[in-house]
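These are the residues of each chain, in order.
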Amino acid sequence: MELAVEVAGVKLANPVILASGTAGYGIELSSLVDLSRVGALVLKSVTLEPRKGNPEPRVWETAAGMLNSIGLENVGVQALIADIIPALEGLGTPVFASIAGDTVRSYARLAARIQGAGGVDALEVNVSCPNVEKGGIQFGVDPGATSAIVMSVKENCDLPVFVKLTAAVADISRIAVAAQKAGADGLTLINTIPGLAIDPATRTPRLGGVIGGLSGPAIKPVALKAIWECYEATGLPIIGGGGICDTGDVLEFLIAGASAVSVGTALFRDPGRVLDIIDELPGAIERAGARSAGELTGTLTETSR
Amino acid sequence: MADIASPTRGVTCAATLERREEASPGVFILEFRLDGGPPVAQPVPGQFYQFNCGGGREHMLPRPLSVHGVTRWDDEVAVLKFLVESVGWGTERLCSLEDGDEVGLLGPLGRGFSLAEDGKALLVAGGMGIAPLFFLASEMDRGDKEYDLLAGFRSAGQFYRPLSGLKGGVDVYTDDGSLGNRGMVSGGADGRLEGVVYNAVYTCGPQAMMTVVAGISEEAGVPCQVSLASRMGCGIGACRSCVIEGRGAENLCVCSDGPVFESYKVAWTGAGDIE
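Residues numbered from 1 in each chain as written. Chains lettered and ligands numbered in written order. Predicted model: local features only at pLDDT ≥ 70, side-chain atom pairs only at ≥ 80, totals over all residues. Heavy atoms only, no water.

A. Structural context of the packing of aromatic side chains. Residue and element names in this part refer to chain B. Counted according to the given criterion, the structure contains 9 aromatic pairs over all chains. Ring geometry for Phe 153 and Phe 159: centres 5.8 Å apart, planes at 80°, overall edge-to-face. For the pair Phe 153 and Phe 159, one class covers both residues: buried. (Phe/Tyr/Trp six-rings, centres within 6.5 Å; stacked < 30°, edge-to-face > 60°. Buried < 20%, exposed > 50% of the residue type's maximum accessible area, 1.4 Å probe, protein only.)

B. Fine view of unusual backbone geometry. Note the cis peptide between Glu 56 of chain A and Pro 57 of chain A, where omega equals -5°. Mapping Pro 57 of chain A onto the fold places it in the loop between strand 4 (40-42) and strand 5 (59-62). For the bond from Gly 258 of chain B to Pro 259 of chain B, the omega torsion is 10°, close enough to zero to count as cis. Note on placement: Pro 259 of chain B falls in the loop between strand 14 (251-253) and strand 15 (260-262). One non-glycine residue, Val 210 of chain A, lies in positive phi territory at about 65°. Among the secondary structure elements, Val 210 of chain A is positioned in the loop between strand 13 (204-205) and strand 14 (211-215). Residue class for Val 210 of chain A comes out partly exposed when judged on its relative accessible area of 41%. With phi around 60°, Arg 240 of chain B is a residue other than glycine that occupies positive phi space. Among the structural elements, Arg 240 of chain B can be located in the loop between strand 12 (224-227) and strand 13 (243-245). When its relative accessible area of 18% is taken as the criterion, Arg 240 of chain B is described as buried. (Helix = DSSP H or I, 4+ residues; strand = E, 2+ residues; numbered from the N terminus.)

C. How the structure looks around a nonpolar patch on the surface. Together, Leu 196, Ile 198, Val 210 and Ile 211 of chain A give the surface a local cluster of nonpolar side chains, amounting to about 340 Å² of exposed area. Looking at the secondary structure, you find Ile 198 of chain A in strand 12 (residues 198-199). (Patch = residues over 30% accessible without salt bridge, like charges linked within 9 Å, V, L, I, M, F, W, Y side chains within 5 Å. Areas by Shrake-Rupley, 256 points an atom, 1.4 Å probe, with all protein chains shown as cover. Salt bridge = Lys/Arg side-chain N within 4 Å of Asp/Glu carboxyl O.)

D. A look at the packing of helix 7 (residues 247-256) of chain A against helix 9 (residues 273-287) of chain A. Residue and element names in this part refer to chain A. Contact geometry for helix 7 and helix 9: axes closest at 9 Å, N-to-C directions at 65°. Judged by the sense of rotation from one axis to the other, the crossing of helix 7 with helix 9 is right-handed. Residues Thr 247, Val 250 and Leu 251 of helix 7 form the contact with helix 9, whose own contacting residues are Ile 277, Glu 280, Leu 281, Ala 284 and Ile 285. A per-class count over the contact of helix 7 with helix 9 returns 6 nonpolar, 1 polar and 1 charged. (Axes fitted to C-alpha atoms, helices over the stretch in contact; angles between N-to-C directions. Left-handed = near helix turned anticlockwise from the far one by under 90°. Contact = heavy atoms within 4.5 Å. Nonpolar A, V, L, I, M, F, W, Y, C, P; charged D, E, K, R; others polar.)

E. Structural detail: the interface of chain B and chain A. Across the boundary between the two partners, chain B contributes 34 residues, which contact 34 residues of chain A. A combined buried area of about 2,800 Å² lies between chain B and chain A, and 55% of that area is made up of carbon and sulfur atoms. Salt-bridge contacts for Glu 245 of chain B lead to Lys 52 of chain A; the nearest nitrogen and oxygen are separated by 3.0 Å. On the surface where chain B and chain A come into contact, there are 17 residue pairs in polar contact (both at pLDDT 80 or more). For the side of chain B that touches chain A, the elements supplying multiple residues, two or more each, are strand 1 (11-24) and strand 13 of chain B. When the residues that make up the side of chain B that touches chain A are grouped by side-chain class, the tally is 13 nonpolar, 13 polar and 8 charged. (Buried area = accessible area lost by both parts, 1.4 Å probe. Polar contact = N/O pair within 3.5 Å; in protein donor to acceptor, adjacent residues only side chain to side chain.)

Interpretation in functional terms is not warranted from these geometric data alone.
Below you can see the structure in the form of structure tokens.
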């Protein structure tokens, strides 16, 4: 059974990736999960300067998912380059850095810094964080802003560039096409969806940042639709994620059009889940009548049973 | 004084419920046997485990619970004790487990209390804050260390009966005066620190109580360790959900930098509360 896939020139031993934000900088998980066995590691998004993030509480469990309002707390690109990327050398799996800015220029500078430092295999451009006052999702809902960011990133680095989009738009394929025309090598779909949880006793929000990003199985159908539409519209390699808990979910994401998948929220309850999925994937692919992971990508048949 | 007990590398394992006992209405002592025998690290007071309560796709987050005691830990068998108040889906589920039921555990996690070498300690517990502090007191009993324990409850009905078996001096406070002293346990701590010479204060309980205890300890010049709670995600410092503000305005992660902190490291403005 062939599990290996190639996404925008990045060779993955298997298609199961750790999603940005949920795996920290990898180091935190390394004693619990043999990271050399995962398809790739996507690091937590960094900004030009370190950020403290949003007020606590920052997480709230909701039906079949959770809301988070971390607010892009991160160590900043300097610490990423100086401390984290060197610590991940020899990890044995591709590392994606994720960048988030509040101006087009800041994305360009982040890309240039990371390109210059080396040590990562690809760049994920986060234009879809719902938890920041400036930038984030405001860029990702706007094809023009997305396009400008992608162009500036591509001008400043030679790494494969994946653009992480939000599904909180009327037509995600428009944004995806804009990213593609600007030079994106791939897409990461989807970021968390903006949401709100309320404590009725106090009539206050459950989260310190008021709104948060919804993740987990609750958003899986939204993610699948976004992947299917973007695959049809662009044909770009897609890293798909949103509530993946088991191999059945992985198959759905591949069939919708993903070449690789990312696991996030499911790690919280069981960090080893990602390795279970990888172990069980060959059997699941075989039962689905395919000989490789790649063979399933984009095979949705548009007739219902 | 030694550094606050360093974090250990937690491991995931299945655990089987061996014993369940209702300690007071809605509060249960749960004893779990770790399947496959004891892992490398034995928990110290103040450390916690993440419980996978088996919520399927409906409940995605684990529930962090402070260790309440080590019932047995030898070459073959590890049995851990937790004190759990049924307050939501996860804790309700745990409190209604039957003997032989399985859960998933990840731990021990975080930094626990570190015991001062000698002298007398003051332990101040509010409500469910008794969970780690009873464990700490039991360990101090085993090491023949001197301490007084002040424990606050809403009323006599919430009193935690095993407290009577501790060797240290135990003083009880209730909000309604139905048992022991009437009033806040933090008030009791204030009086104690004026009179007796303590070399350390260890506290866990509601945020407001810990803020007061940390303040009076600092005024009295006695080092104080606090065990904080916060809404957690991963439990290992990766997701940055459970941060509180440190005194240098830096972010402290309750799960991995704590949950036990030296009180002077905490800003005491937005720190998490026990519910």
